[in-house]
Amino acid sequence: MTFVPKESRYDEMLYKRCGKWGLKLPAVSLGLWHNFGGIDVFENGRAMLHRAFDLGITHFDLANNYGPPPGSAEENFGKILKQDFSAYRDELIISSKAGYLMWPGPYGEWGSRKNLLASLDQSLKRMGLEYVDIFYSHRPDPDTPLEETMMALDRAVRSGKALYVGISNYPADMAKEASRILKELGTPCLIHQPRYSMFERWVEDGLLDVLEDEGIGCIPFSPLAQGLLTNKYLKGIPEGSRATREVFLKKEHVETAHDKIVALNAIAQERGQSLAQMALAWVLRDKRITSVLIGASSVKQIDDNVEMLKKRSFSEEELEAIEKVLK
């Protein structure tokens, strides 16, 4: 069946300018880190992408190693793009990244020119694209000069294989220096993608100030702390949940955070929201945040998360209550 998106898809989504630059992103973007790989149900991923676009989500975020297996999320996305979205390419923002382990040998990860540009070529081939809208250095490389990594990003733009470039997981001092180098090269840094949530707030200790000063946008990943900031763990750890099978979210994380989760959920209920909706709105409360990057395993989760936009503001009392829980 031919996919025909809703004509009203742009009516209710909020779009925010990316730092000082001309590109706007939806306040909610969809990441394909989980649930779009080769081990997942293809039609479920397809349905989620359809629904996201119908809701005005124009930004789909990938990386070379997303899957599993690595690369399979880009392959599946490429198939869906060709089947359903080819007529809408100019309405989409598609991003990818390189920096984590992708193939064996000394050139299969980190931030060398060799790795980044080879990976970008592979990503474009997997997705069937001539260019990505945003190409990221996925993590800083302690053994490669920052100039080399930034020169590779500059080359990606000058070769026509990326429209913009960004960085991810860079601390404040390195982000500032990366921005300086990119400006000198003539390819300014568009955006930074850090981990940020109620439970992980390191970006508040300098990074957000750097991004504001440099005119760089910010799109946090894991705004729900790998699912901790949802109703999933209110009564403990359910069988089959992420905390029972993943390295990123461990059982002890849930146990340590449980009392805070319950207290935050009570505040969310008083606001007439789910805990997840409040957690997303809390991240977006800062004007320096361009978009929140959600993950999803179902169409319903996307619906629920986007519903957050109907109640984004907080009273001073609510913010104080949240801070009291988080301390």
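Here the residue numbering is sequential within each chain, running from 1 through the sequence in written order. The predicted nature of this model means local features are confined to residues of pLDDT at least 70 and side-chain atom pairs, given and counted, to a pLDDT of 80 or more, with totals for whole chains, interfaces and linings taken over all residues. Side-chain measures here rest on the full set of heavy atoms in the structure, leaving out hydrogens and waters.

Q: What is the right way to read helix α9 (residues 299–306) from this model?
A: What sets the pattern is the α-helix's 3.6 residues per turn: residues three or four places apart point alike. Relative accessibility decides the category of a residue: with a 1.4 Å probe and only protein chains considered, values under 20% of the type maximum give buried, values over 50% give exposed, and everything between is partly exposed. The numbering of helices and of strands both runs from the N terminus, where a helix is a DSSP run of H or I of at least 4 residues and a strand a run of E of at least 2. Within the span of α9, buried status applies to Ile-302, Asn-305 and Val-306. End-on view of α9: buried residues confined to an arc of 95 degrees, all on one side of the axis. Note on definitions: a residue-residue contact is assigned when non-hydrogen atoms from the two residues lie within 4.5 Å. If you follow the buried residues of α9, they end up packed against β3 (28–31), α1 (42–54), α8 (275–284) and β10 (292–294). Picture the helix axis, draw a direction to every C-beta atom, and the arc is the one those directions span.

Q: Explain helix α6 (residues 207–214) to me, please; I cannot follow it from the model alone.
A: All buried positions along α6 are accounted for by Leu-207, Leu-208, Val-210, Leu-211 and Glu-214. Across the axial projection of α6, the buried residues extend over an arc of 160 degrees, all falling on one side. Residues of α6 that are buried make contact with α5 (172–185), β8 (189–193) and β9 (217–218).

Q: Any chance you could explain the packing of α1 against helix α2 (residues 72–85) here in plain terms?
A: Each pair of packed helices can be described by the angle between their axes along with the distance between the axes. Fitted lines through C-alpha atoms serve as axes, helices being fitted only where they are in contact, and the angles separating the N-to-C directions of these axes extend from 0 to 180 degrees. With their axes 11 Å apart at the nearest point, α1 and α2 run at an angle of 55 degrees to one another. Viewed along their axes, α1 and α2 adopt a mutual orientation that is oblique. Viewed along their axes, α1 and α2 form a crossing whose handedness is right-handed. Facing α1, whose interface residues are Phe-42, Gly-45, Arg-46, Leu-49, His-50 and Phe-53, α2 presents Asn-76, Phe-77, Lys-79, Ile-80, Gln-83, Asp-84 and Phe-85. Put simply, Ala, Val, Leu, Ile, Met, Phe, Trp, Tyr, Cys and Pro go in the nonpolar bin, Asp, Glu, Lys and Arg in the charged bin, and everything else, Gly too, in the polar bin. In terms of residue class, the contact of α1 with α2 is built from six nonpolar, four polar and three charged. Put simply, angles under 35 degrees are roughly parallel, angles over 145 are roughly antiparallel, angles from 65 to 115 are roughly perpendicular, and the rest are oblique. For any helix crossing, the convention is left-handed if the near helix is rotated counterclockwise from the far helix by under a right angle, and right-handed if that rotation is clockwise.

Q: I'm lost on the pattern of salt bridges in this one. Help?
A: Side chains bearing opposite charge may pair, as long as their charged atoms lie close to each other. The working definition used for a salt bridge is a side-chain nitrogen of Lys or Arg within 4 Å of a carboxyl oxygen of Asp or Glu. A complete count under the given rule lists 25 salt bridges for this structure. Salt-bridge contacts for Asp-209 lead to Arg-288; the nearest nitrogen and oxygen are separated by 2.7 Å. Placement of the pair is Asp-209 in helix α6 and Arg-288 in the loop between α8 and β10, with a sequence separation of 79 residues. A network of salt bridges, in which partner residues are shared, links Asp-209, Glu-212, Asp-286, Lys-287 and Arg-288.

Q: In this structure, what is going on with unusual backbone geometry? I would like to understand it.
A: Most of the time, phi is negative for any residue but glycine, and the peptide bond is trans. The omega angle of the peptide bond from Gly-67 to Pro-68 is -5 degrees, so this bond is cis rather than trans. Inspection of the secondary structure assignment puts Pro-68 in the loop between β4 (59–61) and α2. Going from Pro-68 to Pro-69, the amide bond is cis rather than trans, its omega being -10 degrees. If you trace the backbone, Pro-69 turns up in the loop between β4 and α2.

Q: What am I meant to see in the packing of aromatic side chains here?
A: Where two aromatic rings form a pair, the distance of their centres and the angle of their planes describe that pair. Here is the rule: rings of Phe, Tyr and Trp (six-membered ring for Trp) pair when centre to centre is within 6.5 Å. Planes less than 30 degrees apart are stacked, more than 60 are edge-to-face, and the remainder are tilted. Per the counting criterion, the structure on display carries eight aromatic pairs. Arranged with centres 5.2 Å apart and planes meeting at 55 degrees, the rings of Phe-3 and Phe-85 form a pair that is tilted. Separated by 82 residues along the polypeptide, Phe-3 in the segment before β1 (15–17) and Phe-85 in helix α2 bring together distant segments of the chain. Phe-85 matches Phe-3 in its accessibility class, with the two residues each being buried. Measuring from ring centre to ring centre gives 5.8 Å for Tyr-196 and Trp-282, while their planes differ by 50 degrees; the resulting arrangement is tilted. Taken together, the residues Tyr-196 in the loop between β8 and α6 and Trp-282 in helix α8 connect sequence positions 86 residues apart. According to the relative accessible area criterion, Tyr-196 is buried, its value standing at 0%.

Q: Even after reading the chapter, I still don't get the side chain of Ser-179, so can you show me in this structure?
A: Looking at where Ser-179 falls in the secondary structure, it is placed in helix α5. Polar contacts involving the side chain of Ser-179 include one to the side chain of Glu-214, which spans 2.7 Å. The residues touching Ser-179, leaving out its near neighbours within four places in the chain, are Glu-214 and Ile-216. Under this definition, polar contacts are N or O atom pairs within 3.5 Å; protein pairs additionally need one hydrogen-donor-capable and one acceptor-capable atom, and for neighbouring residues in sequence, both atoms have to be side-chain atoms.

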